[in-house]
Amino acid sequence: GAAGKPAESTPAEPAPAYTAITLAANIGNPSDLALVRRFQAQGVGLYRTEFLFMGTALPTEAEQAAAYTGVISACAPQLTVIRTLDIGGDKRAPALALPAEKNPFLGVRALRLCFNRPELFAAQLRAIWRASAAGPAAVMFPMIATLEELRQAKQYLETAREAVVSQGYPVGSLQVGMMIEVPAAVWLAAKLASEVDFFSIGTNDLIQYAVAVDRENSAVAHLYQAYHPAVLGMIAQVVRAGRAAGIWTGICGEAGGDPVLAPFFAGLGIDELSMSPGLLPEMRQALAGLDQDKIAGEGFVEKILACATAAEVTDLLTGYTK
Ligand code: PEP
Ligand code: MG
């Protein structure tokens with residue numbers, strides 16, 4: 001566990017390195033909590049709040065506070081990571097009546113929309129603070145490409161805290177993290193790391209922006225490669241920048257639930273993998289079966305990072321099970 005991560009129960013024996021990876025769940029709405037329990041997730045690594053905003057009416061601050069409180073208290077004492085609104089691109093919100101854009105994935109999406117609609121963003125952040133006393137919680141900002149965006153988002157967060165405190169609500173402490181899902185943020189990871197408590201890599205978007213492939217377009221799906229050496233290289237760069245700064249790093253994109261990548265994640269020493277709850281058993285099994293000595297001894301991560309093609313990566317990824 002790196003700095004800032006909530007303590008888990010201390011095992012009697014020193015555990016092999018792979019068990020240090022927290023296996024958390026991605027959820028979209030509070031009803032997913034049944035799956036979190038059923039698959040024994042160690043908390044929620046990504047709570048996609050935009051699902052609250054996809055109906056015909058927008059949720060009030062109180063409705064949001066109730067929803068976030070429900071998730072945080074259900075997951076306590078484990079951590080709930082609440083992602084702020086990521087509308088735009090593939091996620092629409094009819095009630096916001098947003099103008100059509102020619103390139104929505106490159107347009108007014110996520111924080112960009114939140115900065116254009118400050119009341120919307122402020123209300124969500126106040127709701128998160130109102131829920132923060134219910135248990136261990138974190139707030140996470142999506143789609144950040146610049147340091148200024150991170151600082152601006154944190155400023156909104158601080159203003160929201162002051163408002164909630166002045167209204168007399170009890171507030172807890174919130175970890176503050178950001179998603180790494182824009183290639184520019186990978187380049188800046190060392191700088192960004194000194195201003196957050198954690199990174200969570202959003203491979204769904206990171207891949208699409210790295211290889212210029214629409215994540216929803218089946219005509220180019222063969223080029224949407226999680227095993228592209230550039231993608232794995234970016235993941236490694238982020239994990240290493242996070243570790244150097246003493247913060248923890250997780251993955252919450254689909255690649256984080258791919259058991260074929262388990263030896264790569266274990267070799268890198270990633271702190272958390274967060275995935276659809278149904279994928280947890282297979283990942284748990286893949287990690288438990290890894291030959292950690294072989295991974296370390298053969299310089300496995302460096303071999304992966306030296307690959308020229310996804311096909312070479314695929315060949316290397318097998319053969320590290322005990
Ligand atoms: C991602 O981009 O990998 C991610 C987890 O966010 P979303 O899929 O909601 O865009
Ligand atoms: Mg994303």
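In the annotation of an unreviewed UniProt entry, the entry for the protein chain reads Phosphoenolpyruvate-protein phosphotransferase, and the organism field reads Sporomusa termitida. Here is the UniProt Subcellular location (unreviewed entry) comment for the protein chain, exactly as written: "Cytoplasm". Of the protein chain, the UniProt comment under Catalytic activity (unreviewed entry) reads exactly: "L-histidyl-[protein] + phosphoenolpyruvate = N(pros)-phospho-L-histidyl-[protein] + pyruvate".

1. Notes on the pairing of strand β3 (residues 80-83)
The alternating pattern of β3 places Thr-80 and Ile-82 and Val-81 and Arg-83 on opposite faces, both of which are buried. Examined bridge by bridge, strand β2 (residues 44-48) and β3 share three bridges and lie parallel to one another. Counterpart to Val-44 in the pairing with β3 is Thr-80. Where the polypeptide runs from β2 across helix α2 (residues 61-75) and back to β3, its parallel neighbour, the crossover connection is right-handed. One ladder, built from four bridges, connects β3 with strand β4 (residues 137-141); its direction is parallel. Across the sheet, Thr-80 pairs through a bridge with Ala-137, a residue of β4.

2. Here's the deal with the site of ligand 1
Around ligand 1, the neighbouring residues are Leu-46, Arg-48, Asp-86, Glu-181, Gly-202, Thr-203, Asn-204, Asp-205, Cys-252 and Gly-253. Mapped by element, the contributors of at least two residues to the shell around ligand 1 are β2 and α8 (203-211). It is α8 that contributes the most residues to the shell around ligand 1, three residues altogether. Here the shell around ligand 1 is composed, by residue class, of two nonpolar, four polar and four charged.

3. Some thoughts on the pairing of strand β1 (residues 22-27)
Of all six residues in β1, six are buried, a share of seventy percent or more. Sheet analysis places β1 next to strand β8 (residues 272-275), joined by four bridges and oriented parallel. In the strand pairing of β8, Thr-22 is matched with Glu-272. Pairing of β1 with β2 involves three bridges; the strand directions are parallel. Bridge pairing in β2 places Ile-27 opposite Tyr-47. Taking the sense of rotation as the criterion, the β-α-β connection linking β1, helix α1 (residues 33-38) and β2 turns out right-handed.

4. Focus on unusual backbone geometry
Only a minority of non-glycine residues have a phi that is not negative, and only a minority of peptide bonds are not trans. Pro-77 follows Ala-76 through a cis peptide bond whose omega is 10°. Residue position: Pro-77 is located in the loop between α2 and β3. At Met-143, a residue that is not glycine, the phi angle is positive and equals roughly 60°. Look at Met-143 and you get buried, because 24 C-beta atoms sit within 10 Å. Of note, Ala-212 is a non-glycine position whose phi angle comes to about 60°, a positive value. Note that Ala-212 resides in the loop between α8 and α9 (229-245). A count of 8 C-beta atoms within 10 Å places Ala-212 in the exposed class.

5. Remarks on the UniProt feature "binding site: Mg(2+)" (unreviewed entry) in the protein chain
According to UniProt, the positions carrying the feature "binding site: Mg(2+)" (unreviewed entry) are Glu-181 and Asp-205. The annotated residues occupy 25 residues of the chain but converge on a single region, no pair of C-alpha atoms lying more than 5.4 Å apart. Within the fold, Glu-181 resides in the loop between β5 (174-180) and α6 (183-187). Within the element layout of this structure, Asp-205 appears in helix α8.

6. Points about helix α5 (residues 147-166)
Along its 20 residues, α5 runs 29 Å from first to last C-alpha, staying within 8% of the 28 Å computed at 1.5 Å per residue. Along α5, the residues classified as buried are Glu-149, Leu-150, Ala-153, Tyr-156, Leu-157, Ala-160 and Val-164. One side of α5 carries all its buried residues, which in axial view fall inside an arc of 125°. Residues of α5 that are exposed and angled more than 90 degrees away from the buried face: Glu-148, Arg-151, Gln-155, Glu-158, Glu-162, Val-165 and Ser-166. At its buried positions, α5 is contacted by α3 (111-116), α4 (118-131), β4, β5 and α7 (189-193).

7. Here we look at the packing of α4 against α5
Two elements in contact, α4 and α5, have axes whose closest approach is 8 Å; the angle formed by their N-to-C orientations is 60°. The orientation of α4 with respect to α5, classified from their angle, is oblique. Of the two elements, α4 crosses α5, and the hand of that crossing is right-handed. Where α4 approaches α5, its residues Phe-121, Ala-122, Leu-125, Arg-126, Trp-129 and Arg-130 are matched on the opposing element by Tyr-156, Leu-157, Ala-160, Arg-161, Ala-163 and Val-164.

8. A few points about the environment of Ser-173
With respect to the element layout, Ser-173 can be found in the loop between α5 and β5. In this structure Ser-173 comes out as exposed when scored by C-beta crowding, with 10 C-beta atoms within 10 Å.

9. Some details on the packing of α8 against α9
Running from amino to carboxyl end, α8 crosses α9 at an angle of 125°, the nearest separation of the two axes being 10 Å. Taken as axis vectors, α8 and α9 run oblique relative to one another. When you trace α8 past α9, the crossing you get is right-handed. For the pair α8 and α9, contact is made by Leu-206, Ile-207 and Ala-210 and by Ala-230, Val-231 and Met-234, respectively. Of the residues assigned to the contact of α8 with α9, the class counts are six nonpolar, no polar and no charged.

Reading the values: the criteria
Residues numbered from 1 in each chain as written. Chains lettered and ligands numbered in written order. Predicted model: local features only at pLDDT ≥ 70, side-chain atom pairs only at ≥ 80, totals over all residues. UniProt positions renumbered as here; feature names shortened; annotations may be inferred. Buried ≥ 20, exposed ≤ 12 C-beta atoms within 10 Å, placed from the backbone. Helix = DSSP H or I, 4+ residues; strand = E, 2+ residues; numbered from the N terminus. Pairing = 2+ DSSP bridges. Right-handed = clockwise from strand over helix to strand, strands pointing away. Near = placed C-beta within 6 Å. Nonpolar A, V, L, I, M, F, W, Y, C, P; charged D, E, K, R; others polar. Expected span 1.5 Å × (residues − 1). Arc of directions from axis to C-beta. Contact = placed C-beta atoms within 7 Å. Axes fitted to C-alpha atoms, helices over the stretch in contact; angles between N-to-C directions. Parallel < 35°, antiparallel > 145°, perpendicular 65-115°, else oblique. Left-handed = near helix turned anticlockwise from the far one by under 90°.

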